[in-house]
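Report on the structure
What follows is each chain in one-letter form.
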Amino acid sequence: MRLVFRLARWLLILIVVAVIGVAATGFWYIRAVEPQVAGTVRLPGFAQPVEVVRDREGVAHIFAQSEEDGAAALGYAHAQDRLWQLDMNRRIANGRLAELVGPPGLETDRFLRTIGIRRTSEAIWARLDARTKSWLTAYARGVNAYLDNRPGPLPPEFYILGAPAPERWTEVDSIGWSLMMALDLGGNLNAEIMRLRLAQAGLSMQRIGEILPPYPGERWPDLPDYTALYRSLGAPTQRAAALIQPLGLGLEGVGSNNWVVSGARSETGKPLLANDPHLGLSAPALWYFARTTTPSGTVIGATLPGLPGVVLGRNDRIAWGFTNTGPDVQDLYIERVDPADPMRYQAPDGWRRFETVEEVIKVKGQPDVQLTVRISRNGPVISDGASRGATSAVPTGHALALKWTALSPDNLTIQAFGPMNRARNWTEFLSAVRDYAAPQQNMVYADVDGNIGFVAPGRVPVRKPENDLRGLFPAPGWDARYDWAGFIPFEDLPQEFNPARGYRITANERITPDGYAHFITSEWATPHRADRIAELLGQRDKHSIESFRLLQADHRSNAVREILPLLLAAPPAGERERQVIDGLRRFDGTMATDRAEPLIVTAWVRELTRLVYADELGPDLFRDYWDQRQVFMMGVLSNRDGQGAWCETRGAAQPTTCAALVTRALSLALDDLEKRYGADRTSWRWGVAHDARSEHRPFARVPALARVFDVRVPVPGDTYTVNVNRHTIRNEAEPFVSRHAASLRGIYDMADPERSLFMHSTGQSGLPTSGLYRNMAARWGEVRFIPMRTRRADIEREALGTLRIEPR
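Here the residue numbers are simple positions, counted from 1 along each chain's written sequence. Local features in a predicted model are, by the rule used here, given only for residues with pLDDT of at least 70; side-chain atom pairs are given and counted only at 80 or more, and totals for whole chains, interfaces and linings are based on all residues. Remark: hydrogens and water are excluded; side-chain values derive from all non-hydrogen atoms of the structure.

This paragraph deals with the overall build of the protein chain. Labels follow the DSSP assignment, with helices taken as runs of H or I lasting at least four residues and strands as runs of E lasting at least two, numbered in each case from the N terminus. In terms of helices and strands, the protein chain carries 25 helices and 31 strands. For a compact globule of 808 residues, the expected C-alpha radius of gyration is about 28 Å, and the protein chain comes in at 27 Å, within 12% of that figure. Projecting the C-alpha coordinates of the protein chain onto the three principal axes gives extents of approximately 75 × 75 × 75 Å. Relative accessibility decides the category of a residue: with a 1.4 Å probe and only protein chains considered, values under 20% of the type maximum give buried, values over 50% give exposed, and everything between is partly exposed. Taken over 808 residues, the protein chain has a buried fraction of 61%. With C-alpha atoms as the basis for the radius of gyration, the globule rule is written as 2.2 Å multiplied by the number of residues raised to the power 0.38.

Orientation is described by lines fitted to C-alpha atoms, with helices fitted over the stretch in contact, and by angles between N-to-C directions that extend from 0 to 180 degrees. It is the contact of helix α2 (residues 67-94) with helix α8 (residues 171-184), at a shortest axis distance of 9 Å, that shows an interaxial angle of 75°. With respect to their mutual orientation, α2 and α8 come out roughly perpendicular. Together, Asn89, Arg90, Ile92, Ala93 and Asn94 of α2 and Asp173, Gly176, Trp177 and Met180 of α8 make up the contact between the two elements. Charged residues are taken to be Asp, Glu, Lys and Arg, nonpolar residues to be Ala, Val, Leu, Ile, Met, Phe, Trp, Tyr, Cys and Pro, and polar residues to be all remaining types, Gly included. For the contact of α2 with α8, a count of residues per class yields 4 nonpolar, 3 polar and 2 charged. For this classification, under 35 degrees means roughly parallel, over 145 means roughly antiparallel, 65 to 115 means roughly perpendicular, and everything else is oblique. Contact definition: two residues touch when any of their heavy atoms are within 4.5 Å.

Strand order in the open sheet formed by 11 strands is β1-β31-β2-β3-β7-β8-β9-β10-β17-β18-β22, and the pairing between neighbours is mixed. The sheet terminates laterally at β1 (39-43) and β22 (495-497), the two strands that pair on one side only. Between one strand axis and the next, the sheet turns through 15° on average, direction left out of account. The rule for pairing is simple: two strands pair if DSSP sees at least two bridges between them. Across 5 bridges, the pairing between β1 and strand β31 (residues 801-807) is parallel. Note that in β31 the partner of Val41 across the bridge is Ile805. Running over the sheet, α2 touches β1, β2 (50-54), β3 (60-63), β7 (288-294), β8 (297-303) and β31 and is turned about 155° from β7.

Glancing now at the packing of helix α19 (residues 597-625) against helix α21 (residues 658-677). Running from N to C, α19 and α21 point in directions that differ by 125°, and their axes come no closer than 8 Å. Comparing their axes, α21 and α19 come out oblique. By crossing handedness, the relation of α19 to α21 is classed as right-handed. Residues Leu599, Ile600, Ala603, Trp604, Arg606, Glu607, Leu608, Leu611 and Val612 of α19 pack against Leu661, Val662, Arg664, Ala665, Leu666, Leu668, Ala669, Leu670, Asp672, Leu673, Arg676 and Tyr677 of α21. Class assignment of the residues belonging to the contact of α19 with α21 gives a composition of 16 nonpolar, no polar and 5 charged. Note on convention: the crossing is left-handed when the near helix lies turned anticlockwise from the far helix by less than a right angle, right-handed when the turn is clockwise.

The next subject is the pattern of salt bridges. Salt bridges, as used here, are contacts in which a Lys or Arg side-chain nitrogen is within 4 Å of a carboxyl oxygen on Asp or Glu. Overall, the coordinates contain 78 salt bridges when judged by the stated rule. Put simply, Glu597 and Arg595 hold a salt bridge, and the shortest N to O gap is 3.4 Å. Judged by its relative accessible area of 24%, Arg595 falls in the partly exposed class. The salt bridge involving Arg791 is made with Glu754; its shortest N-O contact spans 4.0 Å.

Another aspect to go through is helix α14 (residues 426-433). Within α14, the full set of buried residues consists of Trp426, Phe429, Leu430, Ala432 and Val433. For α14, the buried positions fall inside an angular range of 160° around the axis, keeping them on one side. Residues of α14 that are buried sit in contact with β10 (318-324), α13 (417-422), β17 (441-447), β18 (452-455) and β22. Measuring from the side-chain oxygen of the N-cap residue of α14 to the backbone nitrogen of Thr427 gives 3.2 Å; that N-cap residue is Asn425. To obtain the arc, one takes the directions from the helix axis to the C-beta atoms. What qualifies as a polar contact is a pair of N or O atoms within 3.5 Å, subject to a donor-acceptor requirement within protein and to the restriction that residues adjacent in sequence count only when both atoms come from side chains.

Nonpolar core, defined: a set of buried Ala, Val, Leu, Ile, Met, Phe, Trp, Tyr and Cys residues in which side-chain atoms within 4.5 Å join the residues together. In this structure, Ile115, Phe429 and Val612 are the most contacted members of the largest nonpolar core, which totals 224 residues. It is α19 that provides the largest number of residues to this core, a total of 15 residues. Setting aside residues up to four positions removed in sequence, Ile115 forms contacts with Thr120, Leu183, Pro380, Ile382, Leu402, Trp404 and Leu407.

Before going further, it helps to examine the environment of Ser544. Tracing the backbone through its elements, the reader meets Ser544 in the loop between α15 (528-537) and α16 (545-552). Spatially, the C-alpha atom of Ser544 lies 24 Å from that of Ala778, the residues being 234 residues apart in sequence.

All right, on to the packing of aromatic side chains then. Centres within 6.5 Å are what make two rings of Phe, Tyr or Trp a pair, Trp counting through its six-membered ring; a difference in plane orientation under 30 degrees is then read as stacked, over 60 as edge-to-face, and the rest as tilted. A full pass over the atoms with the stated rule returns 22 aromatic pairs. Through pairs of rings, three or more aromatic residues link up here, namely Trp320, Trp426, Phe429, Tyr445 and Phe497. The rule is short: NZ of Lys or CZ of Arg within 6 Å of the ring centre and within 35 degrees of the ring normal puts a charge over the ring. The lysine or arginine in question, Arg374, covers the ring of Phe354, its NZ or CZ lying 4.8 Å from the ring centre. Arg459 extends its terminal NZ or CZ atom over the ring of Phe487, reaching a point 4.0 Å from the ring centre.

On a range of 0 to 100, pLDDT expresses the predictor's confidence in each residue. Here the protein chain averages 94 in pLDDT, and 95% of its residues register 70 or above. In this model residues 388-394 is a low-confidence stretch, pLDDT under 50, and it forms 6 contacts with partners more than four residues away in sequence or in other chains.

Right under this line is the structure:
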């Protein structure tokens, strides 16, 4: 018995020692993995001493004696705070995810290897000017100085996944990430494939034009009927759709806001500028705030880990902000392949041979995947890339090739950012953005001299007058009518300087006036946000930082306001539904977190969309393309041009009406909400269902890890509010969660730029154990800000520390 007690005591001691050891190791790791933010380090890659002061929010303020040392210090800070994100950014752009995560990353790798992000980056690098090359090289030196002299352990993701230490950073890696941003903001490829698949499913050209409607007030051009050709392309279309579907390109409602007012419209007498780009939320945030002071000047704002320079922000004289123009710069071409030789395709002047590139994709835990990329005169054949639904044989008959402006070797977009950061006035700013090719952006501008401006730089193809498809559907690659005829000259792109109205708004709506000479796109975003911004700007004669903040926080949905009367006109199915309808009659479309009405209306519209067009699309297409589709649904419910015919349910014994579907949809929505949130409707809250989810790559897909690595906050708004928080109704498990929103917000005061403000969605650190990982999230959700200060005395008053970098 005494032996048993003795063994039990020793076992208990061992357990205690083990627990203490684990706790001590965890405590050591949490401290050791944090970056050094104070003291002195001696590093290679720097010519002169540099100081990096981190303010209380972790914003890095860099003081360097040359542009190159400033870029190197930014690279070093990015690596210190966002090393896992840097490594993931590079892996994504290079098509090397599967090396890390195995088969789940394979389709993304195949697509990015097929379109050639890495190949294009290498070609662009060869064409950059010497100053930009020096800037990129310096940034890479800074990243590598950290990699080669890292004093502590790696971030936890490397150990959890068993990932190797990061490889050395290169200039081409930076260019690759800039191309990925262009891809993220380009949606026309997805729209063309959707139209193609709808045609193959038997929808007429008219029906396709209804579910993908033109901009309000416009009509589709007369289009040729290529449905017979499209229906012969089953396998290539399936392969192309399988490639792009995981990337989530072209989502409805994804966009941005910016606006600028002149001194005549501001309380200070000098311009005010606001910007909030809407992108997929990630943890850590896509953006990293930083400031750099060199002999060329001081610039502060949002940087992208992987790139030198400030993308959105200000210097001491000017400020700028972007929204996505959404131009049609991606065209799909149907290549006719020689049945006797799959390496030949038909061009307007006869048969040509495909160029080919061999790619080897490493897959964790599986054999390497060999990929032969065929490239036509129009671009890479994307229908070759997908593995799902593809055979091992080289496809015959036809193929789908992608032509996209960003894949051109003379895409010098990255060359624009250095001059933009240094620009002192409108003339220098315009000169800088001439190199900006992709993605085309709506840029608003303000300066301390009182000027405001707008320009939409980017390479937009000119389509021939005889091009009757207008970039809306895939075109026959053997027909020269559909070849591009150059690009819109920079001088002809939309732009204005000091407009008489005293302001400029862009929110992804149509930016071209009536009679504009060139075609940019037929697929502008809906004007709901732009109209609401104009409405609120017009309610005051003069604006302030606070009125701009309230405007950015506005969450009254014009989309809900326009559709709700059509919903309420339908008869209720029972007493429960009657009570809900009576309550909604007083609802003004304010999508507040503490209200039930936003949840009920959103769920109602969700079920109605299912009833209206799931039968026409069929299960596969509906799964891929189920969305709110506001303009389409308004056309159906108002029976515009007979679109109420969509309410006729296929195979129903009796004719169905839109009113009957609206009635049924409310009952289905209430049933669903009761299952999710309980039968007590007074306890339902939009903010409970509608949290903003900043998702970690790749741990968002692992529930146990997502609870640690994801960042969540309740948010107001919907897909169409100024304060955008886009939910994805096709997600059955979490249809109301927001995963696309204002990735950052900035407000710039040109009367005193030091009063400018900014905020992004998580925190500066990429370490989930850090107090700076999610410290901004709640304030971001409440549309609060941190100061965008550059005076050193103000920064150092509450700084976390000053790191001095000495050359070695």
